Amino acid sequence: MNDLYHNSLFLSNYKLTGEPNFSLNRRGVEVITTPIRVVSDKPICCGRKMHIHQHHSIKLNHCISGPQLYKLKVSYCRYICPICGKVVCQQIPFKEENHNFTKAYGLQISHLLDLGLPMNKVAEILHLSRACLRKMDFERLRKRFKNGKPGYQSRYLGVDEFSLHRNHEYATIVVDLETKDVLFVEKGKTEMQLHHFFDLVGNEYMSHIKAISMDMNAQYCAAVRNRYSKIDIVYDHFHIQKNYNDMVITSLRRTSQNLLMDQIDKAKRDKDYALAEELSHEYKFLKRNRYLLLSSLKTLEAKDIAGKKHNKMLNEKYEKKGLKIPSNEVKWCTTYVFKLQKFLTSNEKWKSVIELNEMLKLSYSCTDYNVFRSSFNKWLDIAESLKIPELDTFIRMIRRRYDGVINYAKHRITNGAVEGVNNMIKTLRRSSYGFRNNEYFFLKIIESSRRQHGLQS
């Protein structure tokens, strides 16, 4: 029995004092408790060996073997100096510091946590409380990522913020766009967060960075320009497209709806019911077809084709056989493109806005920087010539960030990897039922992002 524990269970400096005791705990788990005594030389104080003052014992979780939990009942002493009265406790070399389990048990905990198993599952396997397990996990992550610096050189970075808690609390995240590893997380979304990242990695690391992708956050942009003006800023073109949808199409749609409502009321007051009916049709189209106005023509064509295939399947499966289509099956719309084109033929302003949207989407397929620059300048000139207030607001925003917009053709990077990490963060927080400790939450984010590519310090 002594050789078994010494050789396979990583114990040292001990002596067996009895036979193992078998019992069941409150959860019905079989517990095997082995009594042992720590063997070590008496400490020396004031030039003399100390005397034994008290005898104590402690129970330690030692390991898990299938459904069985092995524990050790460890006897140890407290020594006292006969001259100065100093009291010293005998050390237990195989005990995990600050925990009531052995180092072998701690290795089992670390191994299961490294595999990425859910906290509840690990707690169930090890018969350990979740509070203790979270504490162990926090300590493990702090040791693993204590340096904080990336273990390799990056070329392209992505920066974004994510919602940390309610009441508009946010955190900044920096991601390597090629490996998709999270390099830095800190509470706040100001210029200072990026400065802290720059201070962490140092000038040598930043000298190899070619470009940084971000949304149109002025704070992040100012931090990069103030510290590393030679690094190109690339504004994520998906955010630019979203801004066009929000600032131009959605804003114009709401303005048009309000204007149409006023015209309908005026026509009704003038008892021009034919005009009121015509204006009502246009109002209902804008009110109910937001999706049509925001979608690309290619997407609408694909939905029409899918709708025709689905309806054909229903026709062959039910209608041709004289059967009624079930209530859980409906025919899909196949006239998305027709509806949009019909609306645009009667409204020149909307036709121009939608065509400009299609041109903006197609422009990002250009890979030549000079061609993209010249074509984008022409797009801006055409948009300015239309004199549409909502469009002019969007153009002014683009003019202020012109270099960052056209830099996309030079580096071809987006914040897509960062948005993927943001989704991972939401899943992590939901599966863990939230985090009270921000440092622990940030360490879990870093570990989760790197686990799929191999953990790197």
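Residues numbered from 1 in each chain as written. Predicted model: local features only at pLDDT ≥ 70, side-chain atom pairs only at ≥ 80, totals over all residues. Heavy atoms only, no water.

Here we come to the nonpolar core. Ranked by internal contacts, the top residues of the largest apolar core, which has 111 residues, are Phe162, Ile173, Phe197, Met206, Tyr244 and Ile445. If one sorts the elements of this core by residue count, helix α7 (residues 237–269) sits on top with seven residues. In contact with Phe162, not counting residues within four places along its chain, are Glu169, Tyr170, Ala171, Ile173, Val185, Asn422, Ile425, Phe441, Phe442 and Ile445. In terms of nonpolar packing, the next biggest core, distinct from the first, is built from 11 residues, Tyr14, Val74, Ile92 and Phe94 among them. (Core = buried A, V, L, I, M, F, W, Y, C linked by side-chain atoms within 4.5 Å. Buried < 20%, exposed > 50% of the residue type's maximum accessible area, 1.4 Å probe, protein only. Helix = DSSP H or I, 4+ residues; strand = E, 2+ residues; numbered from the N terminus. Contact = heavy atoms within 4.5 Å.)

What follows concerns the side chain of Ser295. Take Ser295: it is sitting in the loop between α9 (290–294) and α10 (297–317). On the basis of relative accessibility, which here comes to 12%, the residue Ser295 falls in the buried class. Here Ser295 is in contact with Leu300, Glu358 and Lys361, once residues within four sequence places are set aside.

Moving on: a nonpolar patch on the surface. Taken together, the side chains of Leu115, Leu117 and Ile125 define a hydrophobic patch exposed on the protein surface, amounting to about 220 Å² of accessible area. Following the sequence through the fold, Leu115 ends up in the loop between α2 (103–114) and α3 (119–126). (Patch = residues over 30% accessible without salt bridge, like charges linked within 9 Å, V, L, I, M, F, W, Y side chains within 5 Å. Areas by Shrake-Rupley, 256 points an atom, 1.4 Å probe, with all protein chains shown as cover. Salt bridge = Lys/Arg side-chain N within 4 Å of Asp/Glu carboxyl O.)

Attention shifts here to the packing of helix α13 (residues 369–385) against helix α14 (residues 389–400). Their axes nearest at 10 Å, the elements α13 and α14 cross at an angle of 150°. Classified by the angle their axes make, α13 and α14 are roughly antiparallel. As for the relative orientation of α13 and α14, their crossing is left-handed in sense. Between α13, through Phe376, Trp379, Leu380, Asp381, Ala383 and Glu384, and α14, the contact on the second element is made entirely by Leu391, Asp392, Phe394, Ile395, Ile398 and Arg399. Classifying every residue of the contact of α13 with α14 by side-chain character gives eight nonpolar, no polar and four charged. (Axes fitted to C-alpha atoms, helices over the stretch in contact; angles between N-to-C directions. Parallel < 35°, antiparallel > 145°, perpendicular 65-115°, else oblique. Left-handed = near helix turned anticlockwise from the far one by under 90°. Nonpolar A, V, L, I, M, F, W, Y, C, P; charged D, E, K, R; others polar.)

Attention now goes to the layout of surface pockets. In this structure, the largest pocket occupies an estimated 590 Å³ of space. Taken together, 23 residues form the lining of the largest pocket, with Met119, Ser431, Ser432, Phe435 and Lys444 sitting closest to its centre. Sorting the residues of the lining of the largest pocket by element identifies α3, α4 (130–144), α17 (416–431) and α18 (438–451) as the ones contributing at least two each. Residue composition of the lining of the largest pocket, by class: nine nonpolar, eight polar and six charged. (1 Å grid on protein atoms, 1.4 Å probe; cavity = no way out; pocket = protein on both sides within 12 Å on 5 of 7 lines; lining within 4 Å. Points joined across faces, edges and corners; volume = space filled by probe spheres on them.)

This part is about the side chain of His411. As for its placement among the helices and strands, His411 is situated in helix α16 (residues 408–411). His411 sits in the buried class, given a relative accessible area of 13%. Once residues lying within four places of it in the same chain are set aside, the contact partners of His411 are Tyr156, Lys210, Ala211, Asp232 and Val234.

One open sheet accounts for five strands, arranged β11-β10-β9-β12-β13; its pairing is mixed. Across the chains shown, the open sheet's two edge strands, defined by having one partner strand only, are β11 (182–187) and β13 (232–235). Geometrically, the sheet is characterised by an average inter-axis angle of 25° between neighbouring strands, direction not taken into account. One ladder, built from four bridges, connects strand β12 (residues 211–214) with β13; its direction is parallel. By the bridge assignment, Met214 is partnered in β13 with Tyr235. Sheet strands touched by helix α5 (residues 191–206): β9 (156–165), β10 (169–176), β11 and β12. Its angle to β11, the strand with the most contacts, is close to 150°. (Pairing = 2+ DSSP bridges.)

Attention now moves to the packing of aromatic side chains. With the rule as written, the count across this model stands at 19 aromatic pairs. A centroid spacing of 6.0 Å and a plane angle of 55° characterise the contact between Phe197 and Phe198, whose relative ring orientation is tilted. Neither Phe197 nor Phe198 differs from the other in exposure class; each is buried. Between the aromatic rings of Phe376 and Trp379, the centroid separation amounts to 5.9 Å while the plane-to-plane angle is 20°, which identifies the pairing as stacked. Of this pair, Phe376 and Trp379 both sit in helix α13, separated by three residues, roughly a single helical turn. Accessibility expressed as a relative area gives 1% for Phe376, which makes it buried. By relative accessible area, which is 4% here, Trp379 ends up buried. (Phe/Tyr/Trp six-rings, centres within 6.5 Å; stacked < 30°, edge-to-face > 60°.)

A separate point is α3. Here α3 has its buried residues at Met119, Val122, Ala123 and Leu126. Looking straight down α3, one finds its buried side chains confined to an arc of 100°; they lie on one side. Tucked inside the fold, the buried residues of α3 contact β6 (51–65), α2, α4 and α18. Looking at the residues trailing α3, positive phi occurs at His127, about 55°. (Arc of directions from axis to C-beta.)

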